[in-house]
Amino acid sequence: MTDLVASIARSSSASPAPTPPPPSSIISSIARITIGGIAQGNGDNNAHFGITAQYIGKATVAGLKIPLVKTAIDSFPLGGTGNFLLVEVSA
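The rules behind these values
- Residues numbered from 1 in each chain as written.
- Predicted model: local features only at pLDDT ≥ 70, side-chain atom pairs only at ≥ 80, totals over all residues.
- Heavy atoms only, no water.
- Helix = DSSP H or I, 4+ residues; strand = E, 2+ residues; numbered from the N terminus.
- Polar contact = N/O pair within 3.5 Å; in protein donor to acceptor, adjacent residues only side chain to side chain.
- Core = buried A, V, L, I, M, F, W, Y, C linked by side-chain atoms within 4.5 Å.
- Buried < 20%, exposed > 50% of the residue type's maximum accessible area, 1.4 Å probe, protein only.
- Contact = heavy atoms within 4.5 Å.
- Pairing = 2+ DSSP bridges.

**Thoughts on the side chain of glutamine 54**
Argument step 1. By the element assignment, glutamine 54 lies in the loop between strand 4 (49–53) and strand 5 (55–61).
Argument step 2. Among the polar contacts made by the side chain of glutamine 54, one reaches the main-chain amide nitrogen of serine 28 at a distance of 2.8 Å.

**Structural notes on the nonpolar core**
Soluble, globular proteins show a tendency: their nonpolar side chains are buried together.
Argument step 1. Grouped together as the largest cluster of nonpolar side chains are 13 residues, with contacts concentrated most on Ile33, Leu78 and Leu86.
Argument step 2. Within the residue set of this core, elements represented by two or more residues are strand 3 (29–35), strand 4, strand 5 and strand 8 (84–88).
Argument step 3. With three residues, the single largest contributor to this core is strand 5.
Argument step 4. Leucine 86 has contacts with Ile33, Ile51, Ile56, Ala59, Leu68, Asp74, Ser75, Phe76 and Leu78, leaving out every residue within four places of it along the chain.

**As for the pairing of strand 8**
Argument step 1. Counting buried positions along strand 8 gives five out of five residues, so the element sits mostly inside the fold.
Argument step 2. By the alternation rule, side chains of strand 8 split into Phe84, Leu86 and Glu88 and Leu85 and Val87, which are all buried.
Argument step 3. Across five bridges, the pairing between strand 4 and strand 8 is parallel. Bridge assignment links alanine 53 to a residue of strand 8, and that residue is glutamate 88.
Argument step 4. Of the pairings in the sheet, the one linking strand 7 (residues 75–77) to strand 8 comprises three bridges and is antiparallel in character.

The analysis is restricted to geometry; functional conclusions fall outside its scope.
Written as structure tokens, this is what we have:
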């Protein structure tokens, strides 16, 4: 089973890291993410949730700015469960 998230193929393996698409695929980007409340996974070590793209411009969760670096590939856990991530992958 494979899910597709912001043009990034996600394998069904236990790894939270998505599988980058082939170079000829569409480049994905998210300009801005705003979550007004709490961003939380469910604490199940076998479940993985995420917001994934090759580029994420800005992100704010519960009024707190996520410190994304324009020249880096970012990865941040969201919430305290450890299974909800904001992840950028290389093009």
